[in-house]
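Coordinate inspection notes
Here's the letter readout for the chains.
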Amino acid sequence: MIHWSSFSASSIRAPDLREKHRMDLERLTLTSQPFKTLALFVLAIGQSIRSTCSCVLNEGARLKLLVLFVATAWVLLLTNDGPHVKHMQELLWYARFGLWWVILGVVSSIGLGSGLHTFVLYLGPHIALFTMKAVQCGRLDLKSAPYDTILLKSRPSWLEKECLDFGPPVYHETIPFSKILHEIHLEAVLWGIGTALGELPPYFIARAASMSGHKVEELAELDASISKEGFLSSALYRAKRWLMSHSQHLNFPTILLLASVPNPLFDLAGILCGQFNIPFWKFFLATLIGKAIIKVYMQTTLVITLCNNQLLELVEKRLVWVFSNVPGVSSIVPYLVTKLKTAKDKFLIASVAASASSAAKGRKWNLSFSLIWNTL
């Protein structure tokens, strides 16, 4: 009798315990409980690493041999002197270069729209500074190596050099756009690959929820996070509702189109692809082509055009010629061109002044707000 009464009481309390557990999970955030959240995060990472290592040790015989062979060869190459040391250092620089730009891309797109805008902070300024330096010096051979870019705490070597250090100008007129693009496309594509990789977590979360028979909670959260008030908010709300209602049309061309243009809907598209079991390679290849090739080259083209005085003047002449024949627009074209030139000149003067002041300070690595922000 006592046994059944205790069982009945525990069964009655089970929903309450589940509700309490759900509320505890909702309150478990970095802002409300930072230490507990970080402690559980470290424990989860440790458990994942331990399970991965145990799986490899128990089942991956070929992988164990490969890892052992690579580690042994790497240690031998690093500890022994010889002509290979220079090549090993070069390989390490390329590895750092590739990892740096890929990680910046991942940081930019991961987190359902809460990522750091590393294109505006790193890639965009790098492309702009290289373009302005190339136009100023009339040369493209500014880099000492392909990895001569912004990299962790080091600055590119060409940024602080004078044009005379590179030699006389090679291009006395307009520098071809394709030549400038060729010099900076590698880091841009690596950054784009990182943005494509950063879109995978929502896809895998939604796919795991779908395989377990549940609907992913992020769909409801994203839907509830949009206010219907205001023109932009209501337009975004309607677009997201349309995308959710037409999720059966999420094929390769649709995913490619959504990934190729900057839009706030791609996180939702990734979740829907996982929820409706779109094959991984179809989703990832469309995302990779759209973000690492189409979107990156669009953004790079825009930055190069804006920072290349010669190319921008050519575009301005063509646009002035086109709009001068449009009734009602021809009268305001000169005013708009003057305003654009003034804004461009202010931007160029500010960029040159910032570069000169940073060069005057030298390479001292002092504690500053930018260092704290980049580290965070």
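Everything here concerns the structure above.
One structure accompanies this document, and this report is about it. (Residues numbered from 1 in each chain as written. Predicted model: local features only at pLDDT ≥ 70, side-chain atom pairs only at ≥ 80, totals over all residues. Heavy atoms only, no water.)

A few words on the overall build of the chain. Assigned secondary structure in the chain consists of 15 helices and 0 strands. When the 376 residues of the chain are sorted by exposure, 31% land in the buried category. For the chain, contacts bridging at least 24 residues in sequence account for 72% of all contacts bridging at least 6. Per element, the accessible surface of the chain, about 24600 Å² overall, is 69% carbon and sulfur. (Helix = DSSP H or I, 4+ residues; strand = E, 2+ residues; numbered from the N terminus. Buried < 20%, exposed > 50% of the residue type's maximum accessible area, 1.4 Å probe, protein only. Contact = heavy atoms within 4.5 Å. Areas by Shrake-Rupley, 256 points an atom, 1.4 Å probe, with all protein chains shown as cover.)

So, about the side chain of serine 260. Checked against the element boundaries, serine 260 lands in helix H10 (residues 252-260). Leaving out residues up to four positions away in the same chain, serine 260 has contacts with Gly290, Ile294, Lys295 and Met298.

For threonine 195, the position within the fold is in helix H6 (residues 177-198). In terms of polar contacts, threonine 195 uses its side chain to reach the backbone carbonyl oxygen of glycine 192, at 2.5 Å. If we ignore the near neighbours within four places in the chain, the residues touching threonine 195 are Gly105, Val106, Ser108, Ser109 and Lys291. (Polar contact = N/O pair within 3.5 Å; in protein donor to acceptor, adjacent residues only side chain to side chain.)

The full count for this structure, using the stated rule, is 6 salt bridges. Ionic pairing is found between arginine 27 and aspartate 24, a salt bridge with its closest N-O pair at 2.6 Å. Taken together, the residues span about one helical turn, with arginine 27 and aspartate 24 both in helix H1 (residues 2-27) at a distance of 3 residues. Arginine 139 serves as the salt-bridge partner of aspartate 141, at 2.7 Å between the closest nitrogen and oxygen. (Salt bridge = Lys/Arg side-chain N within 4 Å of Asp/Glu carboxyl O.)

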